[in-house]
Amino acid sequence: MSTILIYASMTGNTEEMAETIAATVRAAGEELQMKEVMDAYGADLAGHEGILLGAYTWGDGELPDEFLDFYEEMDNIDLTGKKAAVFGSCDSCYPEYGAAVDILIKKLKERGCEVVLEGLKVELSPRSDDIKLCSEFGAQFVEKLRS
């Protein structure tokens with residue numbers, strides 16, 4: 001089965017999460033394509049059974065600007081039958097913690113995806129225990145993808 005991982009990262013925190021999750025998915029033998037959101041289109045999701053999205057939360061609980069075009073393009077895609085999960089780095093000093101993760105989960109569900117895991121939210125820069133959570137997230141996603 002083929003999975004696509006699309007992410008946005010400003011400071012490298014979400015990118016580090018994405019790389020850890022991608023490495024785990026690949027180590028489990030799954031085919032995975034990884035792209036930064038600026039290099040991706042909503043239509044890219046159509047050719048994959050698995051979808052992983054990663055975004056940091058911007059401002060008072062919004063998607064990062066670089067995710068907005070992709071988010072809108074998702075409205076044109078039927079994702080029925082696909083399995084998905086969302087992750088991102090967050091900052092608890094903002095009123096809404098990790099809202100970008102929740103926004104993307106809602107959009108995936110609206111488009112027909114089965115969101116198979118609870119969103120993974122990591123406070124700022126991933127520490128060693130967070131990296132372990134990212135690996136487990138990747139492994140759990142592969143398990144759900146195959147079931």
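For the structure, see preceding data.
I will try to describe carefully the structure that is included in this document. Predicted model only: the values in this text are computed from it and were never measured.

Quick notes on the overall build of the protein
And step 1. A count of helices and strands for the protein gives four helices and six strands.
And step 2. Start at the N end of the protein and walk to the C end: the helices and strands fall as β-α-β-β-α-β-α-β-β-α.
And step 3. Expected size for 147 residues packed as a compact globule is a radius of gyration near 15 Å; at 14 Å, the protein falls within 12% of this value.
And step 4. Across its three principal axes, the protein shows a C-alpha extent of roughly 40 × 35 × 25 Å.
And step 5. Counting the 147 residues in the protein, one finds 50% classified as buried.
And step 6. Restricting the contact set of the protein to residue pairs at least 6 apart, pairs at least 24 apart contribute 81%.
And step 7. A total of about 7,000 Å² of accessible surface is found on the protein, and carbon and sulfur atoms cover 47% of it.

Some thoughts on unusual backbone geometry
And step 1. Positive phi is not limited to glycine here, since Leu124 has a value of about 50 degrees.
And step 2. Relative to the helices and strands, Leu124 is located in the loop between β6 (120-123) and α4 (128-146).
And step 3. For Leu124, a relative accessible area of 40% translates into the label partly exposed.

With respect to helix α3 (residues 99-110)
Count 3.6 residues to each turn of an α-helix, and residues three or four apart come out pointing the same way.
And step 1. Across its 12 residues, α3 extends 17 Å between first and last C-alpha, which sits within 8% of the 16 Å expected from 1.5 Å per residue.
And step 2. Elements that come into contact with the buried residues of α3 comprise β3 (50-54), α2 (68-73), β4 (83-90), β5 (114-115) and β6.
And step 3. Phi turns positive one or two residues past the end of α3, at Gly112, with a value near 105 degrees.

Considering the pairing of β4
On any regular strand, side chains alternate: one points to one face of the sheet, the next to the other face.
And step 1. Most of β4 is tucked away, with eight of its eight residues classed as buried.
And step 2. In terms of strand pairing, β3 meets β4 through five bridges, oriented parallel. Within β4, the position partnered with Gly50 by the bridge is Lys83.
And step 3. Each parallel crossover has a hand, and the one from β3 via α2 to β4 is right-handed.
And step 4. Here β4 pairs with β5 via two bridges, running parallel.

Topic: α4
And step 1. Its 19 residues place the ends of α4 28 Å apart at the C-alpha level, agreeing with the 27 Å of an ideal helix rising 1.5 Å per residue.
And step 2. Among the residues of α4, Asp130, Cys134, Phe137, Gly138, Phe141, Val142 and Leu145 are the ones counted as buried. Along the long axis of α4, the arc covered by the buried residues comes to 130 degrees, so they all point the same way. Turned more than 90 degrees off the buried face of α4, the exposed positions are Ser128, Lys132 and Glu143.
And step 3. Residues of α4 that are buried sit in contact with β1 (2-7), α1 (13-27), β3, β4 and β6.

Criteria and thresholds
Residues numbered from 1 in each chain as written. Predicted model: local features only at pLDDT ≥ 70, side-chain atom pairs only at ≥ 80, totals over all residues. Heavy atoms only, no water. Helix = DSSP H or I, 4+ residues; strand = E, 2+ residues; numbered from the N terminus. Rg over C-alpha atoms; globule rule 2.2 N^0.38 Å. Buried < 20%, exposed > 50% of the residue type's maximum accessible area, 1.4 Å probe, protein only. Contact = heavy atoms within 4.5 Å. Areas by Shrake-Rupley, 256 points an atom, 1.4 Å probe, with all protein chains shown as cover. Expected span 1.5 Å × (residues − 1). Pairing = 2+ DSSP bridges. Right-handed = clockwise from strand over helix to strand, strands pointing away. Arc of directions from axis to C-beta.

By themselves these figures say nothing about function.
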